[in-house]
Amino acid sequence: MTADTASISSQDNQSAPTTHEGILNWVNEVAELTQPDTVHWCTGSDEEWVELTDALVETGTFVRLNAEKKPNSFWAASDPTDVARVEDRTYICSVDEKDSGPTNNWMDPNEMKAIMTDLYRGSMKGRTMYVIPFVMGHLEAESPMFGVEITDSAYVVASMRVMARMGTNVLRRMEEVDAKFVPALHSVGMPLEPGQQDVAWPCNDTKYIVQFPEERAIWSYGSGYGGNALLGKKCYALRIASVMARDEGWLAEHMLILKLTSPEGVVKYVAAAFPSACGKTNLAMLAPTIPGWKVETLGDDIAWMRIGEDGRLYAVNPEFGFFGVAPGTNEKTNPNAMRTIERGNSVFTNVALTDDGDVWWEGMGNTPAHATSWKGQDWTPDSEELSSHPNSRYCTPIKQCPILAPEYDDPNGVPIDAILFGGRRKTTIPLVTEARDWTHGTFMGATLSSETTAAATGAVGVVRRDPMAMLPFIGYNAGDYFNHWITVGKDNDAAKLPKIFYVNWFRRDEDGGFLWPGFGENSRVLKWILQRIDGQAEATETPIGHVPTPEALDTDGLDMTEADLAQALEVDVEEWKAEIPQITEWFEKFGDNLPAVLWTELDGLKARLGV
Ligand code: GDP
Ligand code: PGA
Ligand code: MN
Ligand code: MN
């Protein structure tokens, strides 16, 4: 056990049945339905971690990595069919169909419960049922956001220990205040008959990822993959929390949080929403290429934001770890992620296992002559197949990040100065555009588009609208969600709200190469943003917003031709005209639920484009 492990463990390691009646009743009810062999109340202790990971090694789910390379860390390979979020199997089961809106799958909650109750009946036979008390955000928050996940997957327990604050100390606090909590039920859906041998990655072809927004409850079945099974993350901290946020006047968003410090010591806090596998984790841990600039990390995937007493928008990261895309991560693109995982205490899923007991993936460099692929096959550089799944992930404690901002530990969060929306677009969208005001920024977010990635099952590279990068995560009618954003702007002092920007690191040249080098070079864009907020940088007013002049962007030492830079910044009126019918069609989906001001914004854009 390394010193680092001690720092991530919770305080109490006593085995913990509970005096919290609500939890006890629910646990008993689920145990009766699912029929596990035993029930284990998770403590979050180091001893429990050792027991769990030893057992996972025993069943073949985990391979222990070489302690010299990655101490206290493990390699796992999923079933090849269970590698990503399943958006077509994800439901928002609101009482009224209209409340789930045109972007979510819906089924009547009672009907869904009947189907899933049948699936859960006896689904944990032959297995241990784990009870994980957890809190998203700080235990010391004004109203801590409690949850209890019940799962029959030890892999989920190990991963939840990295990703969320959990264990006995959380349970004790829940007992003290008789806390409300989000019940989150998960089963891999593979009961074991007496004597039946388990498989390394149990799952079921039938999958359901279901949110009941009015009840604030989550039912998940059939998948062991992080986004489908670690229910504190996408299901609670985004889908259920977005509904709570609507009702209570705050925002639950798919955003990284970073702290930017200029050479002069000016500090700005930035939140940025990009769809899954579009650069949040990398931007959150960015190592600036421009001298004297500093980035520190607060979060890489989720931001909960509330207006503070001073009228500014404060953000906290409700998570406790990173669940990052592995491929493409290397010493150059994301050295801080490399430092974070090196410290160990991590789980790597669907990457390659090297012969010396380390992990490897495409884009890491130092290609090994031989490795075991994520499918468990021999892999060499000549192999036709990839060594790692494109959505393979590292799951690692946030406290190990060498550039973690100290403010991470502040339950009140940090005041956000800029919000960035961004996506993956080969064409049309310039490197960076500043919105004219909050409503225009909301329009940018509401019309955000991106090419689909391997983070969800289905086709990759298809352009779709992904509003605020929240398409798969809005727990209610997206039209109402846009209205909620507009309302936040209306109800608060515009001067104190963050400025909104739209970025695209992924524009391509004629040969299909990225125009902009990205990664650490994105610090140049952050610099322009900081200076814009302070009224110090030049911009051109275009039909879509304010875009930097080539001179306004710091290009000192940037290895890029003037022509490429001009193309990265270009607002091509013809390309934008082609977007208009798509945006119109997108808005029409929402009928009366679309705030009228967004139509007004579209009319303004059309007029400026001369449509
Ligand atoms: P997240 O899922 O939104 O957190 O995205 P990640 O930061 O994990 O990045 C997803 C993929 O995009 C990885 O393969 C990265 O290497 C790649 N990526 C991230 N930032 C950039 C960038 O600025 N430019 C380019 N070309 N690729 C990037
Ligand atoms: P990502 O997180 O945004 O880092 O890809 C996982 C997901 O959104 O599925
Ligand atoms: Mn995400
Ligand atoms: Mn990420």
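Keep in mind the model is a prediction, meaning the values are calculated, not measured.

**A few points about the sheet that holds strand β16 (residues 313–316)**
Then step 1. Read across the sheet, four strands follow the order β11-β15-β16-β24 without closing on themselves; strand pairing throughout is antiparallel. Pairing within the sheet leaves two strands with one partner each, and these edge strands are β11 (251–253) and β24 (414–415).
Then step 2. Running at roughly 160 degrees to β11, helix α8 (residues 232–248) makes contact with β11 and β15 (303–307) of the sheet.

**Focus on the UniProt feature "binding site: GTP" (unreviewed entry) in the protein**
Then step 1. Those places that UniProt annotates as "binding site: GTP" (unreviewed entry) correspond, in this numbering, to Ala277, Cys278, Gly279, Lys280, Thr281, Asn282, Arg393, Arg424, Phe519, Gly520, Glu521 and Asn522. With a sequence span of 246 residues, these residues are also far apart in the fold, their greatest C-alpha distance being 23.9 Å.
Then step 2. Counting through the fold element by element, lysine 280 comes out in helix α9 (residues 280–284).
Then step 3. On the accessibility criterion, lysine 280 (5% relative accessible area) is buried.
Then step 4. Discounting chain neighbours no more than four positions away, the residues touching lysine 280 are His254, Leu256, Ala272, Phe274, Pro275, Asp300 and Asp301.
Then step 5. Positionally, glycine 520 belongs in the loop between β29 (499–503) and α13 (522–533).
Then step 6. Overall, the relative accessible area of 11% leaves glycine 520 in the buried class.
Then step 7. Excluding its chain neighbours within four sequence positions, the residues that come into contact with glycine 520 are Leu286, Ala287, Pro288 and Thr289.

**A few points about the UniProt feature "binding site: substrate" (unreviewed entry) in the protein**
Then step 1. Taking the numbering used here, the UniProt-annotated feature "binding site: substrate" (unreviewed entry) corresponds to Arg85, Tyr225, Gly226, Gly227, Ser276, Asn391, Ser392 and Arg393.
Then step 2. Residue placement: tyrosine 225 occurs in the loop between β10 (217–221) and α7 (226–229).
Then step 3. Those residues in contact with tyrosine 225 that lie beyond four places of it in its chain are Asp82, Val83, Ala84, Arg85, Trp201, Leu230, Phe323, Asn391, Arg393 and Ala455.
Then step 4. The topology assignment puts serine 276 in the loop between β13 (267–273) and α9.
Then step 5. Judged by its relative accessible area of 12%, serine 276 is buried.
Then step 6. Apart from the residues lying within four places of it in its own chain, the contact partners of serine 276 are Arg85, His254, Thr453, Ala455 and Phe473.

**Remarks on the coordination of the manganese ion (ligand 3)**
Then step 1. With distances of 2.0 to 2.2 Å, the protein atoms coordinating the manganese ion (ligand 3) are Lys234 (NZ), His254 (NE2) and Asp301 (OD).
Then step 2. Of note is the manganese ion (ligand 3), whose six donor atoms meet at the metal with angles of 62 to 166 degrees in an arrangement that counts as irregular.
Then step 3. Expressed as a motif, the donor residue spacing for the manganese ion (ligand 3) is K-x19-H-x46-D.
Then step 4. The manganese ion (ligand 4) is placed at 5.5 Å from the manganese ion (ligand 3). Taken together, the residues lysine 234 in helix α8 and aspartate 301 in the loop between β14 (294–299) and β15 connect sequence positions 67 residues apart.

**Some words on the site of ligand 2**
Then step 1. What surrounds ligand 2 is the set Arg85, Lys234, His254, Ser276, Ala277, Lys280, Asp301, Arg393 and Phe473.
Then step 2. Note that an oxygen atom of ligand 2 is positioned 3.2 Å from one of the backbone N or O atoms of alanine 277.
Then step 3. Between ligand 2 and aspartate 301 there is a distance of 2.9 Å, counted from an oxygen atom to a side-chain nitrogen or oxygen.
Then step 4. For ligand 2, the accessible surface in isolation is 270 Å², of which the surrounding protein chains cover 97%.
Then step 5. Here the residues of the shell around ligand 2 sort into two nonpolar, two polar and five charged.

**Observations concerning the site of ligand 1**
Then step 1. In the vicinity of ligand 1 lie 18 residues, with Ala277, Gly279, Lys280, Thr281 and Asn282 positioned nearest.
Then step 2. The backbone of glycine 279 places a nitrogen or oxygen atom 2.8 Å from an oxygen atom of ligand 1.
Then step 3. Between threonine 281 and ligand 1, the recorded distance is 2.8 Å, taken from a backbone N or O atom to an oxygen atom.
Then step 4. In the complex, 91% of the free accessible area of ligand 1, which totals 570 Å², lies under the protein chains.
Then step 5. By residue number, the principal contributor to the shell around ligand 1 is α9, which donates three residues.
Then step 6. Class assignment of the residues belonging to the shell around ligand 1 gives a composition of nine nonpolar, seven polar and two charged.

**Considerations on the pairing of β29**
Then step 1. Burial analysis of β29 places four of its five residues in the buried class, the great majority of the element.
Then step 2. Pairing between strand β25 (residues 418–422) and β29: five bridges, direction parallel. Bridge assignment links isoleucine 419 to a residue of β29, and that residue is isoleucine 500.

What counts and how
- In every chain, residue numbers begin from 1 and rise along the written sequence.
- Naming scheme: in the order in which they are written, chains are lettered from A and ligands are numbered from 1.
- Reporting of local features is limited, given that this is a predicted model, to residues whose pLDDT is at least 70; pairs of side-chain atoms are given and counted only at 80 or more, and all residues count toward the totals for whole chains, interfaces and linings.
- In computing side-chain properties, one takes all heavy atoms of the structure into account and sets aside hydrogens as well as water.
- In short, DSSP must find at least two bridges between two strands for them to pair.
- Secondary structure counts use DSSP, requiring at least four H or I residues in a row for a helix and at least two E residues in a row for a strand, with both numbered from the N terminus.
- What makes two residues a contact is simply this: any of their non-hydrogen atoms within 4.5 Å.
- With axes taken as lines fitted to C-alpha atoms, and helix axes fitted only over the stretch in contact, angles between N-to-C directions fall between 0 and 180 degrees.
- UniProt positions are given in the numbering used here, feature names are shortened, and annotations may be inferred rather than shown by experiment.
- Three labels apply to residues, based on accessible area from a 1.4 Å probe with only protein chains included: buried if under 20% of the type maximum, exposed if over 50%, partly exposed otherwise in between.
- Atoms of type N, O and S within 2.8 Å of a metal are treated as its donors, and for Na, K and Ca the window is 3.2 Å; water is not considered, so some sites may appear to be missing partners.
- Each label reflects the angles at the metal, where four donors whose angles all fall between 85 and 135 degrees are tetrahedral, four or six donors whose opposite pairs open beyond 155 degrees and whose other angles stay between 65 and 115 are square planar or octahedral respectively, and the rest are irregular.
- Whether a residue is near a molecule or strand depends on its heavy atoms: it is near if one of them lies within 4 Å of it.
- The definition of a polar contact used here is a pair of N or O atoms within 3.5 Å, where within protein one atom must be able to donate a hydrogen and the other to accept one, and adjacent residues in sequence count solely through side-chain atom pairs.
- Using a 1.4 Å probe, the Shrake-Rupley method yields the accessible areas, and only the shown protein chains count as cover for residues.
- Residue polarity follows a fixed list, in which Ala, Val, Leu, Ile, Met, Phe, Trp, Tyr, Cys and Pro are nonpolar, Asp, Glu, Lys and Arg are charged, and the others, Gly among them, are polar.

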